[in-house]
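If you want the building blocks of each chain, they are given just below.
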Number of protein chains: 2
Amino acid sequence: MALFGRRKKRQEEAEEPVVEVQKLPDPPAPTINGMRSMADHRDYLLSLVEPLPPFGQNLLEAQGLALCEDIVSTIELPGFDNSSMDGYAVRCADVAEAAEDNPIDLPVAGEIAAGDGDIPQLAVGTAVKIMTGAPIPDGADAVIPYEGTNRGTDRVRIMVSATPGLHIRRRGEDIAAGTLLMNDGDQLGPRNIGLLAGVGIDKVLARPRPRVVVLSTGSELVQPGSPLTGGGQVYDSNSYLLAAAAKAAGALVYRVGLVSDDREEIKQTISDQMVRADLIVSSGGVSQGDYDLVKSVMPELGLTDFCQVAMQPGKPQGFGLIGEDDEERVPMIMVPGNPVSAFVSFEAFVRPVIRKLMGVEPYVRPTERAFTTHVIRSVKNKTQLARALVTTDPGGRRTVELVGGHGSHLLGDLSKANALILLGPDVETVTAGQPIAYWPLNDG
Amino acid sequence: MALFGRRKKRQEEAEEPVVEVQKLPDPPAPTINGMRSMADHRDYLLSLVEPLPPFGQNLLEAQGLALCEDIVSTIELPGFDNSSMDGYAVRCADVAEAAEDNPIDLPVAGEIAAGDGDIPQLAVGTAVKIMTGAPIPDGADAVIPYEGTNRGTDRVRIMVSATPGLHIRRRGEDIAAGTLLMNDGDQLGPRNIGLLAGVGIDKVLARPRPRVVVLSTGSELVQPGSPLTGGGQVYDSNSYLLAAAAKAAGALVYRVGLVSDDREEIKQTISDQMVRADLIVSSGGVSQGDYDLVKSVMPELGLTDFCQVAMQPGKPQGFGLIGEDDEERVPMIMVPGNPVSAFVSFEAFVRPVIRKLMGVEPYVRPTERAFTTHVIRSVKNKTQLARALVTTDPGGRRTVELVGGHGSHLLGDLSKANALILLGPDVETVTAGQPIAYWPLNDG
């Protein structure tokens, strides 16, 4: 079953429609106090999306993207023996006795610049002027740098001896032909790009950035920059927060902004956006409130799964494969509306899905470890994700302390944190000085 | 003296031309064996560029950029007392005796959704249904979540008592009006963006991404993707490497590609590119070779400084403020042509200049420390920058080992490294187990 949407519909399927009951594969059973574990939910979402199909991209445009091929060098680097200095190519035997007090004069048979081809052989008893990067002529086995000579033009006075190979970069000493340079799945950084260009590669097969559509739902929301005109109104921070986080994770983001709690508006907006989305991320409307319309409406637009995840914050979660046609469904992650819940849900579920769409492993951010500076209390039967500040002491030891309170709405504290600590469902108290796991929040 | 190029020419200067000898401020004197120290050279370049002028930018477009204003919240967050749960707003006094075995029935006087304004006062002895995020009515001092009730519509049966403030988020408890949210110079990450949106801000005064033009010089260079047609030809890797590194550092990059060793072609290309450049970065042509034309040509186009820096690799360095008009000169950094020298020069000089143009401190990447696993030999009187691999052991201790050889042309090794170690001009040997400084190479 094709669960991801950009593939072309195959002709035979159009001709032979198969009637079947469409539903998502069975979700994992609740294992923690009637709730799904955070890891189970994440793995379920990851099982329902596939990496985007790759295509040939210009090398520089593929920066940050994942390769979808092994890359083997077809050439040697350097491609020919060449000089690593400006100076004179010589035979060592001709300058074996050369010294400051015993200079040896040689006729200069010519000059070789970087880029020159068709280099004549070096005759015995002669020197040839050579520039950095220029090919070593046959017969020469060393380069005497300018500093060891009088820089002569017709004849050169050489005042130092040389050992074979001196200041010569050997053909293939950096990269041999056939060397595996990069692997399928590797992400292209600046130095990889330099390396591939250096062996003549200007295009690579890479997966594109996922196109992520972000929207917020809720009739209480007001677009930032507009005045709050009534009681109960709140600025929409989530669509900004999630759009920026998705961009930092590597996505190409379309922020649609806010949608009110109106069934038709929600349906129309989602339907309109599907055409340009590899993933839709919404916030709000997934709890058990009477106005939580996302949860109520989305089953009409596709295959959905709403559940409670044993985590705090971020308990109510929704997922869907949206669209009528099995071949063109778009994954949608529906996170709760509190800004901190939305952000934590992004880290726990959205970011891994974006990375899987990009084909960049590991999908889940690896945890790091730091030592607590004080007692931390957690909630049994839930994975607690708390905003924290990790600092490294001069000895390289990392310590962690909580930032602010546990309230899921504290945007101010969220922006001060540089880490999310993870306390598993079995943890109730962590005493001071214990190591705990955290996700560094590198915003890039 | 205005050293940076995007300011408008002032009228009075156009009317009263002042004849003066144009030259760069005196460069720092050589202090190490006739060479300039790496730090002196970097500080000199930094003294010759200024941060780009800021302008008002949409919040999401300013992601990764540096603010040029302090930002103070003009509103409180939350803006009103509101419910953190779906449930019923009550007076604690009315439910003081409520328990599983002593339920208390209250008439439901209405319903408040998120976004509702003009909320009537809660009458004594009544409850009002309330959704998460909805304003708490005057008179109510707690919220009973659905789970503690029978979810009644006309009347509700309440089976738990409450303490004042239960499940109420207090007005201003996250952000008080007047709170300083961000400082001039702060870089905008996703959570900052969420915070600013949350207090209603959709535009910020921020410095733009510098427009960096990158080109390689050398007649031996061939565009990747084209065949090598003659002996002595080499693929241009530097313009790719430097373009990608500049982009990763935050710049908007125009890769011009390669320019041959032709005086007029170099002059014409640089002149053409100035109009769209906040910084020009070239590689090649700055050594003492007879074909090092950048060094020979650029003084005709502006104020230049060519010098030897006490570092390995990267000794020959060039800088210029290019252009005839004092008010419109564009800084140009000219790095050596060997790929590893070019990359090291990028890290040492170009990246700090890009960050100063962006207004992002620290301009210079802070060093981190790791312990050597083996003896490392360095070159006296030069700062050595060597490709290295830093790994963190399970105990959190970071160790470092060299990658590959010291040759400045080893592109293959460069792409395998994740750090550049820095060994100062006084260091000749580092014994195993010693801490040394390195720059992590986070490619982003």
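Residues numbered from 1 in each chain as written. Chains lettered and ligands numbered in written order. Predicted model: local features only at pLDDT ≥ 70, side-chain atom pairs only at ≥ 80, totals over all residues. Heavy atoms only, no water.

Draft legend 1. Geometry of the overall build of chain A. Helix and strand counts for chain A stand at 8 helices and 27 strands. The C-alpha radius of gyration computed for chain A amounts to 32 Å, which surpasses the reference 22 Å derived for 444 residues by more than 25%, pointing to a less compact arrangement than a globule. Counting only C-alpha atoms, chain A reaches 95 × 65 × 45 Å along its principal axes. Within the span of chain A, comprising 444 residues, buried residues form 55% of the whole. Considering only intrachain contacts with a sequence separation of at least 6, the fraction spanning at least 24 residues in chain A is 70%. (Helix = DSSP H or I, 4+ residues; strand = E, 2+ residues; numbered from the N terminus. Rg over C-alpha atoms; globule rule 2.2 N^0.38 Å. Buried < 20%, exposed > 50% of the residue type's maximum accessible area, 1.4 Å probe, protein only. Contact = heavy atoms within 4.5 Å.)

Draft legend 2. Structural detail: the environment of B:Ala177. All names here are of chain B. Along the chain, the position of Ala 177 falls in the loop between β9 (168-169) and β10 (180-182). Expressed as a C-alpha distance, the spacing of Ala 177 and Gly 323, which sit 146 residues apart in the sequence, is 49 Å. Residues in contact with Ala 177, not counting those within four places in the same chain, are Ser 73, Thr 74, Ile 75 and Glu 76.

Draft legend 3. Focus on the packing of helix α4 (residues 238-248) of chain B against helix α7 (residues 339-358) of chain B. All names here are of chain B. Running from N to C, α4 and α7 cross one another at 30°; their axes reach a closest spacing of 10 Å. Relative to α7, α4 is oriented roughly parallel. The handedness of the crossing between α4 and α7 is right-handed. Along its contact with α4, which presents Asn 238, Leu 241, Leu 242, Ala 245 and Ala 246, the element α7 presents Pro 339, Ala 342, Phe 343, Phe 346 and Ile 354. For the contact of α4 with α7, the residue count by class is 9 nonpolar, 1 polar and no charged. (Axes fitted to C-alpha atoms, helices over the stretch in contact; angles between N-to-C directions. Parallel < 35°, antiparallel > 145°, perpendicular 65-115°, else oblique. Left-handed = near helix turned anticlockwise from the far one by under 90°. Nonpolar A, V, L, I, M, F, W, Y, C, P; charged D, E, K, R; others polar.)

Draft legend 4. Broad picture of the interface of chain A and chain B. Taken together, the 78 residues of chain A in the interface contact 78 residues of chain B. Both faces considered, chain A and chain B share a buried interface measuring about 6100 Å² in area, 57% of it formed by carbon and sulfur atoms. Put simply, chain A and chain B have 0 salt bridges between them. The tally of links from chain A across to chain B stands at 16 residue pairs in polar contact (both at pLDDT 80 or more). Of all the secondary-structure elements, those providing two or more residues to the side of chain A that touches chain B are α3 (190-198), β14 (234-235), α4 (238-248) and α8 (411-416) of chain A. (Buried area = accessible area lost by both parts, 1.4 Å probe. Salt bridge = Lys/Arg side-chain N within 4 Å of Asp/Glu carboxyl O. Polar contact = N/O pair within 3.5 Å; in protein donor to acceptor, adjacent residues only side chain to side chain.)

Draft legend 5. Focus on helix α3 (residues 190-198) of chain B. Residues and elements named next belong to chain B. Burial runs high along α3: 9 of the 9 residues are buried. All buried positions along α3 are accounted for by Pro 190, Arg 191, Asn 192, Ile 193, Gly 194, Leu 195, Leu 196, Ala 197 and Gly 198. Of the residues flanking the end of α3, it is Gly 200, one or two places downstream, whose phi is positive at about 95°.

Draft legend 6. Spatial organisation of the sheet that holds strand β4 (residues 87-90) of chain B. All names here are of chain B. Strands sit in the order β7-β4-β6-β5-β8 across an open sheet of 5 strands; the sheet is mixed. Of all the strands in the sheet, the pair left with one neighbour each is β7 (142-145) and β8 (155-158). Geometrically, the sheet is characterised by an average inter-axis angle of 45° between neighbouring strands, direction not taken into account. By the bridge criterion, 3 bridges tie β4 to strand β6 (residues 127-130) in an arrangement that is antiparallel. Looking across to β6, one finds that Tyr 88 is bridged to Lys 129. (Pairing = 2+ DSSP bridges.)

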